[in-house]
Amino acid sequence: MVTSQPRAAGTTSPAHGDPGEVWHWREPSVLLVEDDPGDALLVEELVADSSLKMRLRWVRSMADARAVLAQETPDCVLLDLHLPDAQGLEAVSQIQLSTDQVAVVVLTGLAEEETGLSAVAAGAQDYLVKGRVAPDLFGRAVRYAIQRKQAEQAAVALQASQMQAQENARLERGLLPRPLLRGDSTGVDIDIVARYRPGRSQALLGGDFYDIVQSTEGTVAALIGDVSGHGPDEAALGVALRIAWRTLVLSGVPAPEQVARLEEILVAERARTEVFATLTSLTVAPGDRRVRITRAGHPGMLLRTPDRRVDWVEVPAGPALGVVPGQARWPIEEIDVPVGSGMVLFTDGLFEGYVGRGRERLGEEGLLRLAREMPELEPETFVDRLIERAEHLAEGQGGLDDDVAVLHLSWN
């Protein structure tokens, strides 16, 4: 039986009321880019007469505008399309190259409405015809242009967030596969409970991974591991290691060689030399109650016995993968696992959360105490309750920072 559970600031507009209410907490800043002093004076008068109060700054050229935008980000740029150093839609493009954070309202002449529409198509938020704009219309145009820009930015941020969530989901599927078991006919009867919980800052996916594979002759192999760090590079590396391990197992590569091959892959694929990975792998052959364990810098495990005891098991280990490339050795240790026992493998995120108000972590001893408080629970409930208790203890300091992966293997 397999049970798995992989798991920019805007402004709110009022529905009605004075247009200036939208900006009751601050005046929007507006940069006017206009080389004609007469037209600049007209804009200044519109600003003075508008119900929307704003802070206006005037520059005469695109070069001056770029200098201002390099130092500050106004809410809106009022842009003339006939500057001494930028003409037509080129002026819109140069503002957008300087910053993509400001709304752009183009100022056109009486016979240039088509140019204004083209500017909007090119990315400006609106256009105004010089000499044809009343103060209130001017204020509304500026306000709505700023709001449209904010809406565009929110939409872009949402799309980026959705794409990241989709990418994370794809990486999680690679990190947390379905166990490949062939049934009871092989002579090995193992129930598996698998859980994965993302850390609290899950904009950054971690590199926790696990897998369970059964060979054609019935040998069951299990793996749990953790790539140091967070982010897509680490997650992708975790996926690569898991898939490589499954391939090595199904190809019949002996267990002593598997970890060495995984280290070669990690060294070749890691983005930075300081990245490493810890793991624990185990195998059990059909009809055998002795489990062979290899540990590479990974935490120990919990052993639940039929008499409702819970012990910490930590066999001799070699270093984490990538710490001393090509020089490490990883011993294989054997332990007896009686019928009715359960082995619980996990990543360090389960016990590294802070507890209380200080900087004390739950730690391995704290995790063992939690496990010993509920030895009678069925595997699925035991795993869920263990994670919940660890999360609850860390709530006072924001929850568990790191991802958590847990495997519970029960020998029937």
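Residues numbered from 1 in each chain as written. Predicted model: local features only at pLDDT ≥ 70, side-chain atom pairs only at ≥ 80, totals over all residues. Heavy atoms only, no water.

- Going by the annotation in an unreviewed UniProt entry, the name recorded for the protein is Fused response regulator/phosphatase, with Streptomyces doudnae given as the source organism.

1. A word on the overall build of the protein
Consideration 1: Tallying secondary structure elements over the protein gives 9 helices and 18 strands in all.
Consideration 2: Across the 412 residues of the protein, 49% fall into the buried class.
Consideration 3: Per element, the accessible surface of the protein, about 19,300 Å² overall, is 51% carbon and sulfur. (Helix = DSSP H or I, 4+ residues; strand = E, 2+ residues; numbered from the N terminus. Buried < 20%, exposed > 50% of the residue type's maximum accessible area, 1.4 Å probe, protein only. Areas by Shrake-Rupley, 256 points an atom, 1.4 Å probe, with all protein chains shown as cover.)

2. Remarks on a nonpolar patch on the surface
Consideration 1: Taken together, Phe276, Val323 and Val324 make up a surface patch of nonpolar side chains, about 220 Å² in accessible area.
Consideration 2: One can find valine 323 in the loop between strand E15 (310-313) and strand E16 (332-336). (Patch = residues over 30% accessible without salt bridge, like charges linked within 9 Å, V, L, I, M, F, W, Y side chains within 5 Å. Salt bridge = Lys/Arg side-chain N within 4 Å of Asp/Glu carboxyl O.)

3. Side note on the nonpolar core
Consideration 1: One finds Val291 and Met343 to be the most contacted residues of the largest nonpolar core, which totals 25 residues.
Consideration 2: Apart from the residues within four sequence positions on either side, methionine 343 is in contact with Leu282, Val291, Ile293, Met301, Leu302, Leu303, Ile335, Val337, Leu407, His408, Leu409 and Trp411. (Core = buried A, V, L, I, M, F, W, Y, C linked by side-chain atoms within 4.5 Å. Contact = heavy atoms within 4.5 Å.)

4. A look at the UniProt feature "modified residue: 4-aspartylphosphate" (unreviewed entry) in the protein
Consideration 1: Those places that UniProt annotates as "modified residue: 4-aspartylphosphate" (unreviewed entry) correspond, in this numbering, to Asp80.
Consideration 2: Residue position: aspartate 80 is located in strand E4 (residues 76-80).
Consideration 3: Here aspartate 80 is in contact with Val33, Glu34, Asp35, Ala91, Leu107 and Lys130, once residues within four sequence places are set aside.
Consideration 4: At 3.4 Å, the side chain of aspartate 80 forms a polar contact with the backbone nitrogen of histidine 82. (UniProt positions renumbered as here; feature names shortened; annotations may be inferred. Polar contact = N/O pair within 3.5 Å; in protein donor to acceptor, adjacent residues only side chain to side chain.)

5. A short note on the packing of aromatic side chains
Consideration 1: Per the counting criterion, the structure on display carries 2 aromatic pairs.
Consideration 2: Note on tryptophan 312 and phenylalanine 346: the rings are 5.8 Å apart at their centroids and 50 degrees apart in plane angle, and the pair reads as tilted. Of this pair, tryptophan 312 sits in strand E15 while phenylalanine 346 sits in strand E17 (residues 342-346), and the two are 34 residues apart along the sequence.
Consideration 3: With relative accessibility at 22%, the residue tryptophan 312 sits in the partly exposed group.
Consideration 4: On the basis of relative accessible area, phenylalanine 346 is assigned to the buried category, the value being 1%. (Phe/Tyr/Trp six-rings, centres within 6.5 Å; stacked < 30°, edge-to-face > 60°.)

6. Examining the pairing of strand E14 (residues 301-304)
Consideration 1: By the alternation rule, side chains of E14 split into Met301 and Leu303 and Leu302 and Arg304, which are all buried.
Consideration 2: With 4 bridges connecting them, E14 and E15 associate as antiparallel partners. Each bridged residue has a counterpart across the sheet, and for arginine 304 the counterpart in E15 is valine 310.
Consideration 3: Adjacent in sequence and paired antiparallel, E14 and E15 are bridged by 5 residues, among which arginine 308 carries a positive phi angle near 65 degrees.
Consideration 4: Summarising the sheet, E14 and E17 pair through 3 bridges and their orientation is antiparallel. Opposite arginine 304, over in E17, you have glycine 342 as the bridge partner. (Pairing = 2+ DSSP bridges.)

7. Some thoughts on the pattern of salt bridges
Consideration 1: Scanning all chains against the criterion turns up 18 salt bridges.
Consideration 2: When the shortest N-O distance is used, the salt bridge between aspartate 384 and arginine 195 registers 2.6 Å. Of this pair, aspartate 384 sits in helix H9 (residues 379-394) while arginine 195 is found in strand E9 (residues 190-197), placing the two residues 189 residues apart along the sequence.
Consideration 3: We classify aspartate 384 as buried; its relative accessible area is 18%.
Consideration 4: A relative accessible area of 1% means that arginine 195 is categorised as buried.
Consideration 5: When the shortest N-O distance is used, the salt bridge between arginine 389 and glutamate 373 registers 3.0 Å. Within this pair, whereas arginine 389 is found in helix H9, its partner glutamate 373 is found in the loop between helix H8 (363-372) and H9, the two being separated by 16 residues in sequence.

8. A few points about a negative patch on the surface
Consideration 1: Together, Asp35, Asp36, Asp64, Asp85 and Glu90 make up a region of like negative charge exposed at the surface.
Consideration 2: Mapped onto the fold, aspartate 85 is located in the loop between strand E5 (82-83) and strand E6 (86-87).
Consideration 3: With a relative accessible area of 32%, aspartate 85 lands in the partly exposed category. (Lys, Arg positive; Asp, Glu negative; His and termini not counted. Charge placed at Lys NZ, Arg CZ, Asp CG, Glu CD.)

9. Considerations on unusual backbone geometry
Consideration 1: Positive phi outside glycine occurs at arginine 308, with the angle close to 65 degrees.
Consideration 2: As for its position among the elements, arginine 308 is in the loop between E14 and E15.

10. Some thoughts on the packing of helix H2 (residues 62-71) against helix H3 (residues 89-98)
Consideration 1: Two elements in contact, H2 and H3, have axes separated by 10 Å at closest approach and are oriented at 20 degrees. As far as their axial angle goes, H3 and H2 are roughly parallel. For the crossing formed where H2 meets H3, the hand is right-handed. Facing H2, whose interface residues are Met62, Ala65, Arg66 and Leu69, H3 presents Ala91, Gln94, Ile95 and Ser98. (Axes fitted to C-alpha atoms, helices over the stretch in contact; angles between N-to-C directions. Parallel < 35°, antiparallel > 145°, perpendicular 65-115°, else oblique. Left-handed = near helix turned anticlockwise from the far one by under 90°.)

11. Focus: the side chain of glutamine 94
Consideration 1: One can find glutamine 94 in helix H3.
Consideration 2: Within polar-contact distance, the side chain of glutamine 94 engages the side chain of arginine 66 at 2.4 Å.
Consideration 3: For glutamine 94, the residues in contact, after removing those within four places along its chain, are Met62, Arg66, Asp85 and Ala86.

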